[in-house]
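# Topology and contacts: notes
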Amino acid sequence: MKNKIINWFLWVGLIVIVAIIPKVFGAYYVSLIVTFAVFAVLSVSLNVLLGFTGLLSFGHAMFFGAGGYGTALALKHIAGLSLLSSVGIGVLSASVLALVLCPLVVRVSGTAFAMLHLAFAQLMYVLALKLRGITGGEDGIGNFPIPPFTIPGVVSFNMKGVPENFYYFAMIVLGLSVWLMWFFTKTPFGQIQVGIRDNAKRIDYLGFKVSHTKAVVYVVSAAFAGVAGSVYAIFHNLVSADGSLGVLVSFQPIINTMIGGVGSFFGPIWGTAIFQILEEIIVRFTDRVELVIGVTLILVIMFAPQGLAGWITTLKQRFFSASSHKLEKIS
Amino acid sequence: MNMLETKGLYHDFSGLKVLFDINLQVKEGERHAVIGPNGAGKTTLFNIITGTYKPSKGKVFFKGKEITGLKPCDLCRIGMGRSFQITSTFNRLTAFQNIRLAILSKRGVRFNLLRKVDKIEEITRETEEVLKRINLIGERNFPAGALSYGKHRALEISLAMATDPELVLLDEFAAGMSRDETHNAVALIRKLTEGKTVVIIEHDMDVVFSLADRITVLHYGRILATGTPDEIRRNQEVKDAYLGDLEV
Amino acid sequence: MDATTSMYVAQGIHGLAYGMVLFLIASGLNVIFGMMGILNLAHGAFFMLSAYFCYSVLNLTGNFWLALLLAPLFTAFFGIILERFFLRKMHAMGHMGELIMTLGVSLVILAAVKIFWGTENLPVKMPPILEGMVSLGGLEYPVYRLFIIGLAGVVLAIMTLLLYKTRLGKIVRAAVSDREMVNALGINIPVVFMVVFGVGTWMAGVAGVVIAPILTVFPGLADQVGMDAFLVVITGGFGSLLGAVIVSIIFGLLSSYGVQFLSQLAPVVMVGFMALVLAIRPSGLFGVKE
Ligand SMILES: Nc1ncnc2c1ncn2[C@@H]1O[C@H](COP(=O)(O)OP(=O)(O)OP(=O)(O)O)[C@@H](O)[C@H]1O
Ligand SMILES: [Mg+2]
């Protein structure tokens, strides 16, 4: 009961902080936090796949990109589209792409799954560069109209040119996404996912169709990557091949997840925060993003393979000898 | 009616012939034991019946319907359960979560995305009942991988049974158990399989003769004999080929 | 012989040469994967690194043959360092650790290359003897492409013999299936694995040198050609030499004729072909089921 009240206070506190940030800090920090939230959602969506079913994708960017291009194209070509529907179209694009790939990808796992996605993402990247007429080639699609967020007859928030308004919209959409994914892992279906990660053969013998289950998780993961991509595109009023389909976009969420801890639901969010702070500091000295990502990956996998989450568990075990006794008995 | 029947089953592993012309009949409600020396093909027979492999030739019938080539998950849904010779549980999940997966399957809760699983009280209650019945309630929150050998095997067996199948196949459930553990396991199986049809693979002859209504002897991939424990004990061919070695 | 036919033939030779380069890279990848079970994501980066070494050696000495000898050896040296000091620690963590580690290393190599050599396309001159065309049976063939095909053939013949017919090959394969047994026989497995990794990266290195005069040297090489080699391995089946041969040649021809008939969309055709193969056989053309 006491815990519940504390949790309640923490949540309210968090919401208040998120709400006052644009009032206190400048536009730069608003942009930083939206970027953080976008990549946090992308990372969590990757981890839903990786941490909860054991499938590692090296091409998650294709769903991020599908969301971005879907939204941008819709806003460019459909007049009078509402803001929410444009995000919806982005999510739909990512989900449809996942649905199309499903029959193929659920048949493989492990290394083949990872590489297959790398290949497909690369294909999407090449297509985005070559199909100039649709995607704008290297320049991408920019300067598309951004409709205001309207609740008919009640209010209307202008989005274009008012970063603060978009900030609130983005935080609500992305926050809701995280909550939905968290809930997803707590449902009976989420339990089955965890079972697949642990022992897929036994799941089969218990009467669950492993490939169907994987397929659903795959589409859900893609859909939320699409949300992130869509919000990102609207935020920058631009979607480009390098910015949303490049390999680094695929690797970023893997790194965030590794830093935060695979298999811990909130780990990737912490990981995203840590990486972004690191990057903020490092880019003051060098602009070599690959180097930073590469070195971080190597260091994390060598010295903290369980990420921050694993590291905290170890610390806890060491400091609270009473509870560590309990843990020992279990593991 | 036969609960389970195989007709002319053959199987080979890329050339290595393992089963020849297996005609097995398991009657509804009986406890049937399959015995035979190591490598006789017992586990392979189970793997074919439960859908792990497709036979090279022959057919399998379950409740009178042909099931050859169906997948394990389909077979589970129509009432077949199975435990493994090599323990195969969800080792990083707790004992409770292990059984809960089986209960979810039994109740057909598969694609439920609307409720938290912890909040579905019927499922929690039923899972705890199962844990109580198999004496694992004290280890409710232990990861399966951390259970003692005997308890881990008990969990393995009850995973097969918790989906409430009509036919249960148990592969060497007592393998590696101490005398006491075996004794408990036999009692547990009697309790859990009340009213079900059971096929067991077992090396321990005491267990076989105390539990089984009928016995099939498998030898180098062929059925040597099928009959009641008494008939098998008296069968000269079986004595020569198999029991003789064990001095029963 | 009319002009169109000779153009088709020339395209075919170009495709075959590119296919052989892919095959060299892909077999290096396959040797490492088949023997050690490690998918080396830094393989393409090593291939590119070797092309840069080739450029530098050529700049210093002016001798292409010396570059062909030295650059792959340097590359193999870095490969061995990766295996010895980084990958070996990953063994306990399974494939995830190896993938992440090699991914990190490939990014570091990419960054290092940009720091030391910049991002421009660096030209590499082919040796004069290999320039020009040779006519055989009324048709003209580019000498350098024939040289690539021949060299790749020789390298692969040696590798196949080394790994599948010699004691070393037997030891390696035994080590993969039963480490403890081979250890007990007094054979030093860590050294064997180091050698295998060195040989695999050396093959990527050879490919890097021979491709340098054709494509010039630039940081995108790893992505562009390395990715094709990965596609070859996935499509042909992990660890399968035969699969790699067939798919390399198909991809090589697809890319050369594809540029002609489909121009920009050639890569799309390759990935499409891969998707088709995997849809029918998830573990690749000649891959064994996991
Ligand atoms: N997947 C497989 N691939 C190849 N051969 C196999 C495979 N599974 C089993 N075998 C072989 O088939 C034969 C029968 O094996 P099986 O496991 O069915 O025997 P079993 O009667 O269960 O023996 P045990 O009492 O030791 O469990 C053995 O010779 C075994 O080596
Ligand atoms: Mg067996």
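Residues numbered from 1 in each chain as written. Chains lettered and ligands numbered in written order. Predicted model: local features only at pLDDT ≥ 70, side-chain atom pairs only at ≥ 80, totals over all residues. Heavy atoms only, no water.

### Looking at the sheet that holds strand β10 (residues 214-219) of chain B
Residue and element names in this part refer to chain B. Going by this rule: Note on pairing: two strands pair once DSSP finds at least 2 bridges between them. Helix and strand labels come from DSSP, where a helix needs a run of H or I of at least four residues and a strand needs a run of E of at least two; each type is numbered from the N terminus. Throughout, an axis means a line fitted to C-alpha atoms (over the contacting stretch in the case of helices), and angles, computed between N-to-C directions, take values from 0 to 180 degrees. It only takes one pair of heavy atoms within 4.5 Å for two residues to be counted as in contact.
Strand order in the open sheet made by the six strands is β7-β8-β9-β4-β10-β11, with mixed pairing throughout. Among the strands making up the open sheet, the edge pair consists of β7 (80-83) and β11 (222-227). The sheet shows a mean angle of 15° between the axes of neighbouring strands, direction not considered. Here four bridges tie β7 to strand β8 (residues 167-171), and the two strands are oriented parallel to one another. Paired with R82 across the bridge in β8 is L169. Contacts between helix α5 (residues 149-161) and the sheet are confined to β7 and β8, with β7 contributing the most and set at about 165° to the helix.

### Some points on the interface of chain A and chain C
Quick reminder of the rule: Note on definitions: buried area is the accessible-area loss of two parts on being combined, 1.4 Å probe, summed for both. Take a side-chain nitrogen of Lys or Arg and a carboxyl oxygen of Asp or Glu: if they are within 4 Å of each other, that pair is a salt bridge. Whenever a nitrogen or oxygen atom comes within 3.5 Å of another N or O atom, the pair is scored as a polar contact, on the condition that within protein one atom can donate a hydrogen and the other can accept it, and that pairs from neighbouring residues in sequence are kept only if both atoms are in side chains.
Counting residues at the interface gives 35 residues for chain A, matched by 38 residues for chain C. With both sides pooled, the region where chain A packs onto chain C buries about 3300 Å², and carbon together with sulfur makes up 83% of that total. Where chain A meets chain C, there are one salt bridge. Across the pair C:K114 and A:E290 runs a salt bridge, and its minimum N-O distance is 2.5 Å. Summed over the shared surface of chain A and chain C, the result is one residue pair in polar contact (both at pLDDT 80 or more).

### Focus: the nonpolar core
To keep it simple, the criterion reads: Among the buried residues, those of types Ala, Val, Leu, Ile, Met, Phe, Trp, Tyr and Cys that are joined through side-chain atoms within 4.5 Å form a nonpolar core. Exposure categories follow from relative accessible area, calculated using a 1.4 Å probe and restricted to protein chains: below 20% of the type maximum is buried, above 50% is exposed, and the middle band is partly exposed. Each domain's extent is set by a domain assignment, obtained either automatically or from a database.
One finds A:F58, A:M62, A:Y218 and B:F173 to be the most contacted residues of the largest nonpolar core, which totals 262 residues. In terms of residue count, the dominant contributor to this core is helix α9 (residues 210-236) of chain A (17 residues). Among the domains, domain 1 (31-218) and domain 2 (220-290) of chain C are the pair contributing at least three residues each to this core. When residues no more than four places from it in sequence are discounted, the contact partners of A:M62 are A:L97, A:L101, A:H117, A:F120, A:A121, A:M124, A:Y218 and A:L245. Counting residues in hydrophobic clusters, the runner-up holds 24 residues, among them B:I22, B:A40, B:V60 and B:M80.

### Observations regarding the packing of aromatic side chains
All names here are of chain C. How we decide: Stacked, edge-to-face and tilted labels apply to pairs of Phe, Tyr and Trp rings (six-membered ring for Trp) whose centres lie within 6.5 Å, assigned for plane angles under 30 degrees, over 60, and everything in between, in that order.
Overall, the coordinates contain 27 aromatic pairs over all chains when judged by the stated rule. With centroids separated by 6.1 Å and ring planes inclined at 75°, the aromatic side chains of F53 and W117 adopt a geometry described as edge-to-face. Of this pair, F53 sits in helix α2 (residues 43-61) while W117 sits in helix α4 (residues 95-117), placing them 64 residues apart in sequence. Among the aromatic residues, those joined into a cluster by ring pairs are Y52, F53, F74, F77, F78, F116 and W117.

### Let's talk about the site of ligand 1
Residue and element names in this part refer to chain B. The condition that has to hold: In this text, near means that some heavy atom of the residue lies within 4 Å of the molecule or strand in question. Note on areas: Shrake-Rupley, 1.4 Å probe, and residue coverage restricted to the protein chains presented here. In this classification, the charged set is Asp, Glu, Lys and Arg, the nonpolar set is Ala, Val, Leu, Ile, Met, Phe, Trp, Tyr, Cys and Pro, and all remaining amino acids, among them Gly, are polar.
Near ligand 1 you find 13 residues, and of these N38, K42, T43, T44 and Q85 are the closest. Between ligand 1 and the protein, one listed contact pairs an oxygen atom with a side-chain N or O atom of T43 at 2.6 Å. Within the side chain of E172, one N or O atom sits 3.3 Å away from an oxygen atom of ligand 1. Its free accessible area being 630 Å², ligand 1 has 63% of it covered by the protein chains. No other element matches helix α1 (residues 42-49), which puts three residues into the shell around ligand 1. Residues that form the shell around ligand 1 fall into these classes: four nonpolar, seven polar and two charged.

### Looking at the coordination of the magnesium ion (ligand 2)
All names here are of chain B. This is how it is decided: Here a donor is any nitrogen, oxygen or sulfur atom (N, O, S) within 2.8 Å of the metal, with 3.2 Å used for Na, K and Ca; water is not among the atoms considered, so some sites may look incomplete.
At the metal site, the magnesium ion (ligand 2) is ligated by T43 (OG1) and Q85 (OE1), and these contacts range over 1.9 to 2.2 Å. Residue T43 is located in helix α1, and its partner Q85 is located in the loop between β7 and α3 (95-106); the two are separated by 42 residues in the primary sequence. Residue classification places T43 among the partly exposed positions, given a relative accessible area of 26%.

### Quick look at the interface of chain A and chain B
Contacts between the two partners involve 27 residues from chain A, matched on the other side by 39 residues from chain B. For the pair chain A and chain B, the two sides together bury roughly 3000 Å², of which 63% comes from carbon and sulfur. At the boundary of chain A and chain B, one finds three salt bridges. Those elements that provide at least two residues to the side of chain A that touches chain B are α7 (163-186), α8 (188-205), α9 and α15 (321-330) of chain A. In terms of residues, the side of chain A that touches chain B owes the most to one element, α8(A), which gives 14 residues. Here the side of chain A that touches chain B is composed, by residue class, of 13 nonpolar, six polar and eight charged.

### Looking at the pattern of salt bridges
Tallying each qualifying case throughout the model produces 20 salt bridges over all chains. Taking the shortest distance from any N to any O, the salt bridge between B:E156 and A:R202 comes out at 2.5 Å. Here the residue B:E156 occupies a position in helix α5, and A:R202 occupies one in helix α8, the pair thus bridging two chains. On the basis of relative accessibility, which here comes to 0%, the residue B:E156 falls in the buried class. When its relative accessible area of 1% is taken as the criterion, A:R202 is described as buried. Close ionic contact of B:E128 with B:R140 constitutes a salt bridge, the shortest N to O distance being 2.9 Å. Taken together, the residues B:E128 in helix α4 (residues 121-133) and B:R140 in the loop between α4 and α5 connect sequence positions 12 residues apart.

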